[in-house]
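Close look at the chain arrangement
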Amino acid sequence: MKLRRVGFIGWRGMVGAVLLQRMLAEDDFSIIEQPLFFTTSQVGQPAPRLGCRQPPALLDANDLNALGEMEAIVTCQGGDYTAAVHARLRSRGWNGYWIDAASKLRLASDAVIILDPVNRSLIEQGLADGKKDFIGGNCTVSLMMMALAGLFNADLIDWLSVTTYQAISGGGARQMRELLAQMGHVHQAVSEMLAEPTYSILDLDKSATAALRSAQLPNAEIGFPLAGSLLPWVDREVAHAHGLSREEWKGAVEANKILGREAAPIPIESLCVRIDALRCHSQAFTIKLKQDLPTDEICAILAQGNDWVSVVANDRQQSLSRLTPAAVSGSLNIVVGRLRKLNSLTKFSAEGGYISAFTVGDQLLWGAAEPLRRMLRILHQHDCN
Ligand code: HSE
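Now for a description of the structure that goes with this document. (Residues numbered from 1 in each chain as written. Predicted model: local features only at pLDDT ≥ 70, side-chain atom pairs only at ≥ 80, totals over all residues. Heavy atoms only, no water.)

As for its position among the elements, Thr 39 is in strand 2 (residues 32-39). A polar contact of 2.9 Å, which involves the side chain of Thr 39, links it to the backbone nitrogen of Gln 42. Beyond its immediate sequence surroundings of up to four residues, Thr 39 is in contact with Arg 12, Leu 58, Leu 59, Asp 60 and Ala 61. (Helix = DSSP H or I, 4+ residues; strand = E, 2+ residues; numbered from the N terminus. Polar contact = N/O pair within 3.5 Å; in protein donor to acceptor, adjacent residues only side chain to side chain. Contact = heavy atoms within 4.5 Å.)

Structure below.
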């Protein structure tokens, strides 16, 4: 049996577009009898073509009657839309599945954060309990969980500390465009000097830095220079939390909810940094394991975490060629490397078990779109049983 009617909202944005691409690539629309596309601004215009299928014209994303006819709603429209629509729809008695990329509902007690390679059993439990809100996790958190799934599943992590190197796509399409414009602006300022190999590198640097600091640098979206720099703060500040960003706060709270460990949370501390990568988030971990296992064994546990994770040998060549945003961007691969024991920390605990690791993953795929499309597959299987 197919899913009857599934409504898509926010499919034109960056995450929505990646979701559509992935659904077409995996033939996901074949499990949906009637996919319907909603819009906040272009009602009546043609819906996107799905291979040889042409869905009906675009419906109004604020029309609660039309939304109320959906068996499931998949939204990448953002938290404001969720805030405006979800509760009203529920209060009218709508009992369909709400699958959302935004953070708005993530921590609600009756919502499940979906990352099925890590928490399939929690999702199944949620379905069995009649839960209807299934929300994609924060991209940084989901990518960390995918990378360290083997260790989390085996309950081997005592605590972890992470520093992130987050791509600009996490800030949205407009910020991504602006970063590229910033790169162009800086390059333009030095392109003539670059063409002349004898030009002093210090003069080149001076001109590039002046371009970065100039009022002409496009920064209406990002707010600061990012090209050739970094921004050690992601998202808003959490009130009364002594200098914690929301991104850092989510690292602990969402990860433990994904694991169903709210009552006995694993301590997770984050320092989140925006860098000038395009769509891959990288993360450096210091992990305290509950047991001091041999490195080979840790690698094997990590490699078995799920079908997408692979362990990169901790050598220069492999790290520089495989463990980078340039290598991973656009793929579902989650790479983990730089694995080694931090022996100098052993003095803090006689049993040892301190390791470092580094991971890279595409934040638009496993960090955003992929868990949503897989949730539709899970719903389909659930309906068939
Ligand atoms: N908050 C993330 C970031 C994006 O800014 O990179 C998606 O969860």
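We now examine the environment of Leu 64. Checked against the element boundaries, Leu 64 lands in helix 2 (residues 64-68). Assessed through its relative accessible area of 11%, Leu 64 is described here as buried. Separated by 102 residues in sequence, Leu 64 and Gln 166 place their C-alpha atoms 36 Å apart. Ignoring sequence-local partners within four residues, the contact set of Leu 64 consists of Val 85, Arg 88, Leu 89 and Arg 92. (Buried < 20%, exposed > 50% of the residue type's maximum accessible area, 1.4 Å probe, protein only.)

Quick look at the sheet that holds strand 8 (residues 157-165) now. Taken in spatial order, the 6 strands line up as 9-8-10-13-12-11 in an open sheet, and their pairing is mixed. Strands at the two margins of the open sheet, each flanked by one partner only, are strand 9 (268-271) and strand 11 (309-311). Each strand of the sheet is rotated relative to its neighbour by a mean of 20 degrees, with strand direction disregarded. Two strands pair when backbone bridges link them, and strand 10 (residues 280-289) and strand 13 (residues 354-362) are joined in this way by 9 bridges, in the antiparallel orientation. When the sheet's bridge partners are listed, Ile 287 is paired in strand 13 with Ile 355. Across the sheet, helix 5 (residues 139-147) is in contact with strand 8, strand 9, strand 10, strand 11, strand 12 (334-341) and strand 13; its angle to strand 10 comes to roughly 55 degrees. (Pairing = 2+ DSSP bridges. Axes fitted to C-alpha atoms, helices over the stretch in contact; angles between N-to-C directions.)

Taken together, Asn 138, Cys 139, Gln 166, Gly 170, Val 234, Glu 247, Arg 274, His 281 and Gln 363 form the complete shell of residues around the ligand. Residue Asn 138 places a side-chain N or O atom 3.2 Å away from an oxygen atom belonging to the ligand. Contact distances for the ligand include 2.9 Å between an oxygen atom and a side-chain N or O atom of Gln 166. Burial of the ligand by the protein amounts to 83% of the accessible area it has alone, namely 260 Å². Class assignment of the residues belonging to the shell around the ligand gives a composition of 2 nonpolar, 5 polar and 2 charged. (Near = heavy atom within 4 Å. Areas by Shrake-Rupley, 256 points an atom, 1.4 Å probe, with all protein chains shown as cover. Nonpolar A, V, L, I, M, F, W, Y, C, P; charged D, E, K, R; others polar.)

A separate point is unusual backbone geometry. The phi dihedral of Asp 27 is positive, around 55 degrees, even though this residue is not glycine. Summarising the element assignment, Asp 27 is placed in the loop between helix 1 (14-25) and strand 2. Of note in the backbone geometry, His 242 takes a positive phi value of approximately 55 degrees without being a glycine. Within the secondary structure, His 242 is located in the loop between helix 8 (201-213) and helix 9 (246-258).

So, about the packing of aromatic side chains. As enumerated under the stated definition, the model contains 10 aromatic pairs in all. Both rings, one in Tyr 97 and one in Phe 134, keep their centres 6.3 Å apart while their planes meet at 50 degrees; by these two values the pair is tilted. In this pair, Tyr 97 is assigned in strand 5 (residues 97-100) and Phe 134 in strand 7 (residues 133-136), connecting sequence segments 37 residues apart. The buried category is assigned to Tyr 97, whose relative accessible area is 9%. By the ring-pair criterion, three or more aromatic residues cluster together here, those being Phe 8, Trp 11, Phe 29 and Phe 37. The ring centre of Tyr 97 lies 4.4 Å from the NZ or CZ of Lys 132, which sits over that ring. Above the plane of the ring of Tyr 354 lies Lys 288, whose end atom (NZ or CZ) is 5.5 Å from the centre. (Phe/Tyr/Trp six-rings, centres within 6.5 Å; stacked < 30°, edge-to-face > 60°. Lys NZ or Arg CZ within 6 Å of the ring centre and 35° of its normal.)

Sheet architecture is open: 7 strands sit in the order 3-2-1-4-5-7-6, paired in parallel fashion. Every interior strand has two partners, whereas the edge strands, strand 3 (59-60) and strand 6 (111-114), have only one. Relative to strand 5, strand 4 (residues 72-75) is paired through 4 bridges, and the arrangement is parallel. Bridge pairing in strand 5 places Thr 75 opposite Asp 100. Across the sheet, helix 13 (residues 365-384) is in contact with strand 1 (3-9), strand 2, strand 4, strand 5, strand 6 and strand 7; its angle to strand 5 comes to roughly 160 degrees.

This part is about the pairing of strand 1. Most of strand 1 sits inside the fold, with 5 of its 7 residues counted as buried. In the sheet, strand 1 pairs with strand 2 via 5 bridges, with the strands oriented parallel. Pairing of Arg 5 across the sheet is with Gln 34, part of strand 2. Remark: the strand 1/helix 1/strand 2 crossover connection has right-handed handedness. Pairing analysis gives 4 bridges linking strand 1 to strand 4, with the strands arranged parallel. Paired with Gly 7 across the bridge in strand 4 is Ile 73. (Right-handed = clockwise from strand over helix to strand, strands pointing away.)

Moving on to the nonpolar core. Core analysis: the biggest nonpolar cluster contains 78 residues, and Phe 8, Leu 148, Leu 151 and Leu 160 have the highest contact counts within it. If you tally residues by element for this core, the top one is helix 13, at 8 residues. Dropping the residues within four chain positions of it, Leu 151 is found in contact with Leu 156, Ile 157, Ile 287, Leu 289, Ile 298, Ile 301, Leu 302 and Ile 355. (Core = buried A, V, L, I, M, F, W, Y, C linked by side-chain atoms within 4.5 Å.)

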